[in-house]
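# Coordinate analysis (summary)
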Amino acid sequence: MSFKEIYTKYDWDEIKTEIYMKDGSHVEAALSKTGARSMEDLMALLSPAAAPFLEQMANLSHELTQKRFGKTLQMYIPLYLSNKCSNNCLYCGFRNKNRIKRITLTMDQIIEEVKVIKSYGFDHILLVTGESRESAGVEYFEEVLRLIRPYFSNISMEVQPMEQEDYERLIKLGLNTVLVYQETYGKKYHEFHPVGMKSDFFYRLDTPDRIGSAGIHKIGLGALLGLDDWRTDSWFTGLHLNYLKKRYWRTRFSVSFPRLRPATGVIEPKVVVTDRDLAQMICAYRIFDENLELSISTRESVRFRDNAIKIGITSISAGSKTEPGGYTADTGELEQFEINDSRTPEEIACMISSKGYEPVWKDWDIHYGI
Ligand code: SF4
């Protein structure tokens with residue numbers, strides 16, 4: 001059964017109601033279990049009824065994270081290659097209706113950016129683009145991967161959804177991870193994604209399947225927090241994750257928690273997600289799945305990020321610029337969203353060490369034949 005078939009069996013409003021009807025006894029039952037938690041347990045952990053249990057959830061989440069991942073944190077940095085985009089997502093600074101200068105980096109410009117990124121010490125890189133097949137299609141990505149492969153042992157991508165054959169071509173050139181966020185699993189999806197490829201909800205929903213079928217090492221999922229009810233979106237993300245884990249059992253998975261941030265010409269968040277909500281979400285996912293990698297970006301504040309690493313986060317970005325060419329030139333007006341933690345990678349690494357954790361710049365290499 002495909003995920004589309006599973007997904008269409010559920011009704012957003014009914015799931016939301018069920019989540020809001022959970023009470024303390026359901027939360028206690030989910031917390032007292034050992035091992036894998038069910039989708040019912042995830043409902044309880046995400047529910048308003050779990051809020052008074054946050055300290056208990058944080059302690060358990062911390063314990064489970066340390067057991068599985070030790071006192072380590074993966075460091076990564078995004079490299080924005082292009083801000084050209086054929087979509088008009090209402091929350092994004094790169095949307096095609098925004099009158100900003102559009103750039104797709106040339107190979108020479110990419111190498112200049114890579115030199116700066118390498119000088120910070122990074123060995124993991126996340127390539128990011130808007131969704132424009134004309135300026136950044138699979139041939140462009142092949143060229144980029146050939147160019148940067150000698151510099152990085154781990155290359156991730158957050159670009160437009162592609163076909164399975166495209167992913168297969170890129171995996172051969174060293175692509176390790178693909179992140180594809182559904183943004184929201186609810187009916188409001190169409191309101192926020194009115195035109196372009198991204199308006200096709202089910203093509204996007206099927207993307208992790210195409211990535212998994214291509215044989216990728218890791219898939220990243222997530223919902224954009226601020227578009228609709230975060231508890232319901234998180235539950236559907238968990239449902240998607242459970243399906244993918246069973247089907248692509250050799251693949252690793254991660255979940256990210258992007259909260260809507262200000263940017264030029266975009267809508268305000270429709271739903272406020274507080275720091276306490278976000279902390280509950282992180283703990284809920286960790287208790288739901290001990291092996292899941294949980295990632296947090298520079299969208300979040302210094303204070304939140306410093307505390308989040310103690311409750312379950314396993315991967316953190318640092319020194320990020322969200323505009324193409326941002327590491328070699330100050331092009332601020334082109335950025336996708338405003339970052340909230342502008343500390344240097346060195347400062348982030350020092351903060352991690354000061355908390356007794358080890359910042360990991362490299363943990364995996366394709367040359368080991370894994
Ligand atoms: S979120 Fe992605 S697809 Fe949507 S407008 Fe921004 S860059 Fe384009």
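This section reports on the structure supplied with the text. Because the structure is predicted, anything quoted here is derived from the model rather than measured.

### Examining the overall build of the protein chain
Looking only at helices and strands, one finds 15 helices and nine strands in the protein chain. A globule of 370 residues ought to have a C-alpha radius of gyration of about 21 Å, and the protein chain, at 20 Å, matches this closely. If one aligns the C-alpha atoms of the protein chain with their principal axes, the spans along those axes are about 60 × 45 × 40 Å. Relative to its full complement of 370 residues, the protein chain shows a buried share of 45%. When contacts within the protein chain are restricted to residue pairs at least 6 apart in sequence, those whose partners lie at least 24 apart make up 79%.

### Some words on the pairing of strand β2 (residues 124-129)
Most of β2 sits out of view: six of its six residues are buried. Going residue by residue along β2, you find His124, Leu126 and Val128 tucked away on one face and Ile125, Leu127 and Thr129 tucked away on the opposite face as well. In this region the chain leaves strand β1 (residues 72-82), passes through helix α6 (residues 107-120) and returns to the parallel neighbour β2; the handedness of that crossover is right-handed. One ladder, built from five bridges, connects β2 with strand β3 (residues 154-158); its direction is parallel. Residue pairing across strands places His124 opposite Asn154, the latter belonging to β3.

### Comments concerning the packing of α6 against helix α7 (residues 138-148)
For the pair α6 and α7, interaxial distance at closest approach is 11 Å and the crossing angle is 40 degrees. Accordingly, the angle class assigned to the pair α6 and α7 is oblique. In this structure, α6 meets α7 at a crossing whose hand is right-handed. Within the contact between the two elements, α6 uses Met107, Ile110, Ile111 and Val114 and α7 uses Glu143, Val144, Leu147 and Ile148.

### Brief notes about the site of the ligand
Residues in contact with the ligand, as listed here, are Cys85, Asn87, Cys89, Cys92, Phe94, Arg95, Gly130, Glu131 and Lys198. Of the residues in the shell around the ligand, the class split is four nonpolar, two polar and three charged.

### Description of the nonpolar core
Counting 88 residues, the largest nonpolar core has Leu45, Leu46, Leu79, Ile125, Leu127, Ile282 and Ala284 as the members making the most contacts within it. Excluding residues that lie within four positions of it along the chain, Ala284 makes contacts with Leu42, Leu45, Leu46 and Ser234.

### Here we look at α7
Listed in full, the buried residues belonging to α7 are Tyr140, Phe141, Val144, Leu145 and Ile148. Projected down its long axis, α7 carries its buried residues within an arc of 135 degrees, all on one side. Set apart from the buried face of α7 by more than 90 degrees, the exposed residues are Glu139 and Arg146. The inward-facing, buried residues of α7 contact β1, α6, β2, β3, α8 (164-172) and β4 (175-179).

### As for the environment of Gly212
Relative to the elements of secondary structure, Gly212 occurs in helix α11 (residues 207-214). Through-space distance from the C-alpha of Gly212 to that of Trp249 is 9.3 Å; in sequence the pair is 37 residues apart. Beyond its immediate chain neighbours, meaning those up to four positions away, Gly212 contacts Ile219, Leu244, Arg247, Tyr248 and Thr251.

### Topic: the pairing of strand β5 (residues 218-222)
Summarising the sheet, β4 and β5 pair through three bridges and their orientation is parallel. Each bridged residue has a counterpart across the sheet, and for Leu179 the counterpart in β5 is Gly220. Two elements, β5 and strand β6 (residues 252-256), share five bridges in a ladder whose sense is parallel. Across the sheet, the residue bridging to Gly222 is Ser256, located in β6. One crossover worth recording links β5 to the parallel β6 by way of helix α12 (residues 230-247), and it is right-handed.

### Digging into helix α5 (residues 54-69)
Under the 1.5 Å per step criterion, the end-to-end length of α5 is 21 Å for 16 residues, consistent within 8% with the ideal 22 Å. Met57, Ser61, Thr65 and Phe69 are the residues of α5 that are buried. Across the axial projection of α5, the buried residues extend over an arc of 65 degrees, all falling on one side. More than 90 degrees from the buried face of α5, the exposed residues found are Glu55 and Lys67. Buried-residue contacts for α5 involve α3 (24-32), α4 (39-46), β1 and α13 (275-288). The positive-phi residue at the C-terminal boundary of α5 is Gly70, with phi of around 70 degrees.

### Notes on the environment of Arg95
With respect to the helices and strands, the residue Arg95 is situated in the loop between β1 and α6. On the basis of neighbour count, Arg95 is assigned to the buried category, with 24 C-beta atoms found within 10 Å. Spatially, the C-alpha atoms of Arg95 and Asn83 are 8.7 Å apart, while their sequence positions differ by 12 residues. Apart from the residues within four sequence positions on either side, Arg95 is in contact with Cys85, Asn87, Asn88, Cys89 and Leu90.

### Side note on the packing of α5 against α13
The contact between α5 and α13 brings their axes to 9 Å, and the two run at 45 degrees. Relative to α13, the element α5 is oriented oblique. Here α5 and α13 pass one another in a crossing that is left-handed. Note on element contacts: α13 touches α5 through Arg276, Ala279, Gln280, Ile282, Cys283, Arg286 and Ile287, opposite Leu54, Met57, Ala58, Leu60, Ser61, Leu64 and Thr65.

### Examining unusual backbone geometry
Within the chain, Glu183 stands out as a residue other than glycine whose phi angle is a positive 75 degrees. Of note, Glu183 is situated in the loop between β4 and α9 (189-192).

Conventions adopted
- Residues numbered from 1 in each chain as written.
- Predicted model: local features only at pLDDT ≥ 70, side-chain atom pairs only at ≥ 80, totals over all residues.
- Helix = DSSP H or I, 4+ residues; strand = E, 2+ residues; numbered from the N terminus.
- Rg over C-alpha atoms; globule rule 2.2 N^0.38 Å.
- Buried ≥ 20, exposed ≤ 12 C-beta atoms within 10 Å, placed from the backbone.
- Contact = placed C-beta atoms within 7 Å.
- Right-handed = clockwise from strand over helix to strand, strands pointing away.
- Pairing = 2+ DSSP bridges.
- Axes fitted to C-alpha atoms, helices over the stretch in contact; angles between N-to-C directions.
- Parallel < 35°, antiparallel > 145°, perpendicular 65-115°, else oblique.
- Left-handed = near helix turned anticlockwise from the far one by under 90°.
- Near = placed C-beta within 6 Å.
- Nonpolar A, V, L, I, M, F, W, Y, C, P; charged D, E, K, R; others polar.
- Core = buried A, V, L, I, M, F, W, Y, C linked by C-beta atoms within 7 Å.
- Arc of directions from axis to C-beta.
- Expected span 1.5 Å × (residues − 1).

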